[in-house]
Amino acid sequence: MQVKKKKFRGIENPISGYLFIAPQLILFLVFIAYPVIEGFRMSLFQSTYQGELFVGLDNYLHLLKDPVFMKSIVNTVIFVIAIVFLTIVFGLFVATAVYDKSSKYVSFIRGSFYLPVMVSMVVMSMIWNFLLNPANGLISYLLGNMGADNVNLLGSKIWVMPVIIFVTFVGNVGQSIILYIAAMIGIPEDYFEAAQIDGATRWQRITKILIPLVKPTTLYLTVINIIAVLKIFVVIQLLTGGGPNNASVTMMYYLYQNAFVYNNTGVAAAVGVIMFVIALLLSLPQFKTFGKKD
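Rules and cut-offs
- Residues numbered from 1 in each chain as written.
- Predicted model: local features only at pLDDT ≥ 70, side-chain atom pairs only at ≥ 80, totals over all residues.
- Heavy atoms only, no water.
- Phe/Tyr/Trp six-rings, centres within 6.5 Å; stacked < 30°, edge-to-face > 60°.
- Helix = DSSP H or I, 4+ residues; strand = E, 2+ residues; numbered from the N terminus.
- Buried < 20%, exposed > 50% of the residue type's maximum accessible area, 1.4 Å probe, protein only.
- Axes fitted to C-alpha atoms, helices over the stretch in contact; angles between N-to-C directions.
- Left-handed = near helix turned anticlockwise from the far one by under 90°.
- Contact = heavy atoms within 4.5 Å.
- Nonpolar A, V, L, I, M, F, W, Y, C, P; charged D, E, K, R; others polar.
- Expected span 1.5 Å × (residues − 1).
- Pairing = 2+ DSSP bridges.
- Salt bridge = Lys/Arg side-chain N within 4 Å of Asp/Glu carboxyl O.
- Arc of directions from axis to C-beta.

Trainee: What's the story with the packing of aromatic side chains in this structure? I'm lost.
Mentor: Summed over the entire model, instances satisfying the criterion amount to twelve aromatic pairs. Where F233 meets Y256, the ring centres are 4.7 Å apart and the plane angle is 55 degrees; that geometry is what we call tilted. Residue F233 is located in the loop between α10 (215–230) and α11 (234–239), and its partner Y256 is located in helix α12 (residues 251–261); the two are separated by 23 residues in the primary sequence. The class of Y256 is partly exposed, set by a relative accessible area of 24%.

Okay, structure coming up:
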């Protein structure tokens, strides 16, 4: 006796599919697409007491002539390069060291490094601000006992950026380690068994198998870290306020100052447009890579 199988024909009305995606589409248009378009429009205007005055590309020309903005670009580039390099290198180092260990040990390492990621960046910045306080901070006290006098790392033009980079790195590196370990655990054991039979050393297995096979994860982490660093604001605001003498000002902090301190929304919107274009250009390699079919 043959049993007839019922074929699932699905929803034939194409409008039903659009109804399912309508809530997400509406949220995207209202909270993402419209602000982006409005930002482009605002960058071409200058706010006055009587309204808005169309100035064309004058806001962008003003940015090119402003030494503080040029300083913010330099600081942002240094910030991005340092965070991406440290996050990728340290994440690979920890992941390759523990990926083949016992599950309890791997879970402990992942939890330990991911703990700072779960803590609010506001709380993290306040803790570091207390530790680095030149009057009664623990770090300043320890450095003073080692012979250093008048330690004020956040007030030094030389040390302020390295300190901010380190604080941001500590708060972000846990995500990199989690993703790298997950990617390495998912690699089939056949690769390692074949390499072991051929007499490959651990270093050769890491450089010839692990690192090449986790390249998509490396690309993903590179892009999201670049975008995240471009938007960094809380650390700068709570630790230095862009000082000393604009030594730690970034593009996002420059945008904040023009928008909410100086009420220069046109210039702030122009900075936002530049940052949007940079983030978009940096995201294209990721879309291209993941769009390839192996």
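Trainee: Would you mind showing me how to read the packing of helix α3 (residues 67–98) against α10 here?
Mentor: Between two packed helices, the angle of one axis relative to the other and the distance separating the axes together describe the packing. Orientation of α3 relative to α10, taken along the N-to-C sense of each, is 145 degrees, at an axis distance of 9 Å. In terms of crossing hand, the pair formed by α3 and α10 is right-handed. Contacts from T76, F79, V80, I83, V84, T87 and I88 of α3 reach α10 at T218, L221, T222, N225, I226, V229 and L230. In the contact of α3 with α10, the residues fall into nine nonpolar, five polar and no charged.

Trainee: Looking at this structure, how should I read α10?
Mentor: For an α-helix, 3.6 residues make a turn, and residues three or four places apart therefore share a direction. With 16 residues, α10 extends 23 Å between its outermost C-alpha atoms, agreeing within 8% with the 22 Å of an ideal straight helix rising 1.5 Å per residue. Regarding α10, the residues found buried are T217, T218, L221, V223, N225, I226, V229 and L230.

Trainee: Before we go on, may I ask you to explain unusual backbone geometry in this structure?
Mentor: Both trends apply: most residues other than glycine have a negative phi, and most peptide bonds are in trans. Here the residue pair G243 and P244 is connected by a cis peptide bond, since its omega of -5 degrees sits within 30 degrees of zero. Along the polypeptide, P244 turns up in the loop between α11 and α12. A positive phi angle, near 55 degrees, is found at N245, a position not held by glycine. Relative to the helices and strands, N245 is located in the loop between α11 and α12. When its relative accessible area of 60% is taken as the criterion, N245 is described as exposed.

Trainee: Mind showing me how you'd approach the pairing of strand β2 (residues 51–54) here?
Mentor: The side chains of a regular strand alternate, first on one face of the sheet and then on the other. Bridge count for strand β1 (residues 45–48) against β2 is four bridges, and the pairing is antiparallel. Counted as the bridge partner of F45 is F54 from β2. Between β1 and β2, which pair antiparallel in sequence order, lie two residues.

Trainee: Explain the pattern of salt bridges to me, please; I cannot follow it from the model alone.
Mentor: All told, the structure shown has two salt bridges when counted by the stated rule. With a closest N to O distance of 3.0 Å, E52 and R41 form a salt bridge. With E52 in strand β2 and R41 in helix α1 (residues 14–42), this pair connects stretches of sequence that are eleven residues apart. Overall, the relative accessible area of 45% leaves E52 in the partly exposed class. Take R41: its relative accessible area is 31%, and that puts it in the partly exposed class. One connected set of salt bridges, linked through shared partners, spans E38, R41 and E52.

Trainee: For this particular structure, what's the right way to read helix α5 (residues 121–131)?
Mentor: Turning to α5, its buried residues are M124, S125, W128 and L131. Projected down its long axis, α5 carries its buried residues within an arc of 120 degrees, all on one side. Exposed side chains of α5 directed beyond 90 degrees from the buried face belong to M126 and F130. Against α4 (103–118), α6 (138–145), α7 (160–185) and α11 lie the buried residues of α5.

Honestly, that's just the spatial picture; any functional story needs more than this.
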